[in-house]
Amino acid sequence: MKEFDYIVAGGGSAGCIVAARLVKEGNARVLLLEAGRDEYHPVLKMPAGYMKFLASDKYLTLHQTEAQPQLNGRGVIVPQARVLGGGSTVNAMVYMRGHRQDYAEWNQALGHQGIDWSWDALLPHFTAIEDNDHLGAPLHGVGGPMKVSHLGHFSPLSRAYVKTMQQLGLPYTPDFNTGNPFGVGFMQHTIDGQTRKRCSVVDAFINPLRDDPRLTIVTGAQVTEILFEGDSASGVRYHQAGVSYMARARQEVILAAGAYQTPKLLMLSGIGPQAQLRQHGIALRHDLPGVGKNLQDHYEVPVVATTNGPFGYYGQDRGWPMLKAGLQYMLFKSGPVTTTGVETCAFFDPLDFNATPTIQMFCVPTVYLDRDVMGADPGHGVTVNALLLRPKATGEVTLRDASAHSLPVIDTQIFGHPQDLARTLAGFRFARRVIASRPIAEMVNHEIFPGADITSDEAIAGHCKRMVKTGYHPVGTCRMGRDDDPLAVLTDDLRVRGVRRLRVVDPSMMPNIISGNTNAIVMAVAHRAATLLLEGLSHE
């Protein structure tokens, strides 16, 4: 059995950052285990390339979630990265930090005691990571490992959307990452502003350490069990290519497998709700009822319209337009390949612009949905998605069986709280106002989905239930909380309650979801977690 100082289970955004900092700054020997592969298609380095793999299982695990009665029996598909670098390798690269109120609620969940998880406390970790292309101190970092920039190309539809939202009363916002995202603007992305290539955590943190003997990376490695000596985590068991291995951690085992896999691994190792472990014949090590609870995600519903001209990206991924765009990208690092296709968004409450935003509204400059779902052919068009920022309903992750190779059971509870549907309806109605307002209205032919005849609350609710989809941001299933909170899985320094030398550093630690895309905060939390480890902070 090989020994290391630390073992990190999960090689996504969080795991790579923690492993790299422990090696580089802590002089530690680290084993980084990732179930996916350690390579990805060169197309994924191009900003537009990720769209080629949205439905692929080469770099993704496609989770079919449980049928939801409140969605008339629908169960959505939620893809999660299965590749070194995790979401940072395959996502849409949006760099969004959320609202300072989100982090105040983290502190509230912790009883305002112990470690400070406020916006102000996390800001130094955001800036330490960042090498921003055009923004600087005090809110942004320059010279960090993670490249952040605006996109290199904006479609006419995106520009029209930004102007339309201003016409409707929202201010233009040049930077959504100040702690108060409000208004409309163009999003920042984890893209190198010079090379116009994706910057993943592998590029930023792992590749500089590839030849460092202190870092051992094993991919294709499915962690099946956390090993213990008494009440202390001592290592892990993992499978690779059909062979079982064990590795020992002299200091700590660190879980970074994500909001679905981290609670699954805890439960398989005997840490979780007692009744569920008994159901699957798993010996109880520590009864933690909150493991797998508190699942949160963002959910969005579209309005789709055709346009009277080629103002977006339909047809740009094939034939001569694709060849032309590819040549422009290779020669000049410009043109359509330098965009993700989702260039702009707005934060607001559609019922009250003075309130904290409840909706993040994206403009996608094409017909975004599958034609067999829509009943309409793809073509030149625009899709406006209203994404619910802070759903009230929470779901759950449970075990399917006692096998580490089985996917967990995921119960999303989308629209499980009436307020979630009501706020989504308000967002949908505002999206309709957008496509009916100048200047974007001058580009629109007519609404094709759900169709202009769908006007009643009941009919719109039916559309929402049929078409709601994930925002790809699951969090919260091993949340931090107060000592007297029976559903709190972690302490304020991310330690698993009831055992020693075991910590969680991925998005499952969040007490509540943040208001925006989650990769940036996952990276900041991982940076903070590495600092806790390096400083030896403990509240045992």
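Fair warning: this is a prediction, and the values are worked out from it, not measured in the lab. (Residues numbered from 1 in each chain as written. Predicted model: local features only at pLDDT ≥ 70, side-chain atom pairs only at ≥ 80, totals over all residues. Heavy atoms only, no water.)

Here we come to the overall build of the protein chain. Along its length, the protein chain carries 13 helices and 24 strands. Scaling as 2.2 N^0.38, a compact globule of 540 residues should have a C-alpha radius of gyration of about 24 Å, and the protein chain matches this with 23 Å. Projected onto its principal axes, the C-alpha coordinates of the protein chain cover approximately 70 × 50 × 45 Å. In the protein chain, 69% of the contacts between residues at least 6 apart in sequence involve partners at least 24 apart. Carbon and sulfur atoms make up 51% of the accessible area of the protein chain, which totals about 20,300 Å². (Helix = DSSP H or I, 4+ residues; strand = E, 2+ residues; numbered from the N terminus. Rg over C-alpha atoms; globule rule 2.2 N^0.38 Å. Contact = heavy atoms within 4.5 Å. Areas by Shrake-Rupley, 256 points an atom, 1.4 Å probe, with all protein chains shown as cover.)

What follows concerns helix H5 (residues 156–167). Helix length check: H5, at 12 residues, gives a terminal C-alpha distance of 16 Å against a target of 16 Å (1.5 Å per residue), a fit within 8%. Residues of H5 that are buried include every one of Leu-157, Ser-158, Ala-160, Tyr-161, Val-162, Thr-164 and Met-165, and no others. Those residues of H5 hidden inside the fold are in contact with strand S8 (183–186), strand S16 (299–307), strand S17 (344–348), strand S18 (359–364), strand S19 (381–388) and helix H11 (418–435). (Expected span 1.5 Å × (residues − 1). Buried < 20%, exposed > 50% of the residue type's maximum accessible area, 1.4 Å probe, protein only.)

Quick look at the sheet that holds strand S9 (residues 188–189) now. Sheet architecture is open: 4 strands sit in the order S5-S9-S7-S6, paired in mixed fashion. Sheet topology places strand S5 (94–95) and strand S6 (130–132) at the edges, where each strand pairs with a single neighbour. Bridge count between strand S7 (residues 146–150) and S9: 2 bridges; the pairing is antiparallel. Within S9, the position partnered with Ser-149 by the bridge is His-189. (Pairing = 2+ DSSP bridges.)

Right, let's talk about the UniProt feature "binding site: FAD" (unreviewed entry) in the protein chain for a bit. Here the UniProt-annotated "binding site: FAD" (unreviewed entry) positions come out as Val-83, Asn-91, Ala-92, Met-93, Val-94 and Val-223. A stretch of 141 residues holds the annotated residues, and the largest C-alpha distance among them is 29.2 Å, long enough that they do not meet in one place. Inspection of the secondary structure puts Val-94 in strand S5. Apart from the residues within four sequence positions on either side, Val-223 is in contact with Ala-9, Leu-33, Val-236, Arg-237, Tyr-238, Leu-265 and Ala-404. (UniProt positions renumbered as here; feature names shortened; annotations may be inferred.)

Right, let's talk about the side chain of Glu-34 for a bit. Considering the arrangement of structural elements, one finds Glu-34 in strand S2 (residues 30–34). Salt bridges are absent for the buried Glu-34, whose nearest opposite-charge side chain, Arg-82, sits at 6.4 Å. A distance of 2.7 Å separates a polar atom in the side chain of Glu-34 from the backbone nitrogen of Gly-36. Looking at Glu-34, its side chain comes within polar contact range of the main-chain nitrogen of Val-83, at 3.4 Å. In contact with Glu-34, not counting residues within four places along its chain, are Gly-10, Gly-11, Gly-12, Arg-82, Val-83, Leu-84, Val-218, Thr-219, Gly-220 and Ala-221. (Lys, Arg positive; Asp, Glu negative; His and termini not counted. Salt bridge = Lys/Arg side-chain N within 4 Å of Asp/Glu carboxyl O. Polar contact = N/O pair within 3.5 Å; in protein donor to acceptor, adjacent residues only side chain to side chain.)

Glancing now at the environment of Leu-323. Tracing the chain through its elements places Leu-323 in helix H9 (residues 319–332). Measuring from C-alpha to C-alpha, the distance between Leu-323 and Glu-442 comes to 30 Å, with 119 residues separating the pair along the chain.

Put plainly, two cysteines are in a disulfide when a covalent bond ties their sulfur atoms together. Counting across every chain of the model gives 0 disulfides. Residue Cys-16 stays outside any disulfide, its sulfur separated by 12 Å from that of Cys-199, the closest cysteine. (Disulfide = S-S within 2.5 Å.)

Applying the stated criterion to the full structure yields 25 salt bridges. Measuring nitrogen to oxygen at the nearest pair gives 2.8 Å for the salt bridge that ties Arg-479 to Asp-485. In terms of burial, Arg-479 and Asp-485 fall into one category: buried. A salt bridge links Arg-495 to Asp-493; the nearest nitrogen and oxygen atoms lie 3.1 Å apart. Exposure class is identical for Arg-495 and Asp-493. Each is buried. One connected set of salt bridges, linked through shared partners, spans Glu-3, Asp-5, Glu-229, Arg-248 and Arg-250.

Because an α-helix completes one turn every 3.6 residues, residues spaced three or four positions apart along the sequence face the same direction. The first and last C-alpha atoms of H9 sit 20 Å apart over 14 residues, in line with the 20 Å expected at 1.5 Å per residue. Residue Lys-333 follows H9 closely and has a positive phi angle near 50°.

Our focus in this paragraph is the environment of Val-253. By the element assignment, Val-253 lies in strand S13 (residues 243–255). You can call Val-253 buried: its relative accessible area is 0%. Separated by 245 residues in sequence, Val-253 and Val-8 place their C-alpha atoms 6.2 Å apart. Apart from the residues within four sequence positions on either side, Val-253 is in contact with Ile-7, Ala-233, Ser-234, Gly-235, Val-236, Arg-501, Leu-502 and Arg-503.

On to the packing of aromatic side chains. A complete count under the given rule lists 11 aromatic pairs for this structure. Among the aromatic residues, those joined into a ring-pair cluster are Tyr-103, Trp-106, Trp-117, Trp-119 and Phe-126. Directly above the aromatic system of Tyr-329 lies the positively charged group of Lys-333, at a separation of 5.2 Å from the ring centroid. (Phe/Tyr/Trp six-rings, centres within 6.5 Å; stacked < 30°, edge-to-face > 60°. Lys NZ or Arg CZ within 6 Å of the ring centre and 35° of its normal.)

Packed helices, taken two at a time, are described by their axes: the angle between them and the distance between them. In the contact formed by helix H1 (residues 13–26) and helix H13 (residues 519–535), the axes pass within 8 Å of each other and the chain directions differ by 35°. When you trace H1 past H13, the crossing you get is right-handed. In this structure, H1 uses Ser-13, Ala-14, Ile-17, Val-18, Arg-21, Leu-22, Glu-25 and Gly-26 to contact H13, whose residues at the interface are Asn-519, Val-522, Met-523, Ala-526, His-527, Ala-529, Ala-530, Thr-531, Leu-533 and Leu-534. Here the contact of H1 with H13 is composed, by residue class, of 11 nonpolar, 5 polar and 2 charged. (Axes fitted to C-alpha atoms, helices over the stretch in contact; angles between N-to-C directions. Left-handed = near helix turned anticlockwise from the far one by under 90°. Nonpolar A, V, L, I, M, F, W, Y, C, P; charged D, E, K, R; others polar.)

Residues with a pLDDT of 70 or more make up 97% of the protein chain, whose mean pLDDT is 94. Under a pLDDT of 50 for its full length, residues 370–374 has, in the predicted model, 11 contacts with residues more than four places off or in other chains. (pLDDT = per-residue confidence, 0-100.)

To continue, consider the pairing of strand S1 (residues 2–9). Sheet faces and side chains relate simply in a regular strand, where the side chains alternate between the two faces. Counting buried residues along S1, 6 of its 8 residues qualify, which places the element largely inside the surrounding structure. Two elements, S1 and S13, share 7 bridges in a ladder whose sense is parallel. Following the sheet pairing, Phe-4 is matched in S13 by Ala-249. Here 4 bridges tie S1 to S2, and the two strands are oriented parallel to one another. Residue Tyr-6 lies in a different strand from S2, and its bridge partner there is Val-30. Once the chain exits S1 it traverses H1 before rejoining the sheet at S2, and the crossover so formed is right-handed. (Right-handed = clockwise from strand over helix to strand, strands pointing away.)

Where nonpolar side chains cluster on the molecular surface, the patch consists of Met-51, Leu-54, Tyr-368 and Tyr-472 and spans about 330 Å² of accessible area. Relative to the helices and strands, Leu-54 is located in the loop between S2 and strand S3 (60–64). A relative accessible area of 36% means that Leu-54 is categorised as partly exposed. (Patch = residues over 30% accessible without salt bridge, like charges linked within 9 Å, V, L, I, M, F, W, Y side chains within 5 Å.)

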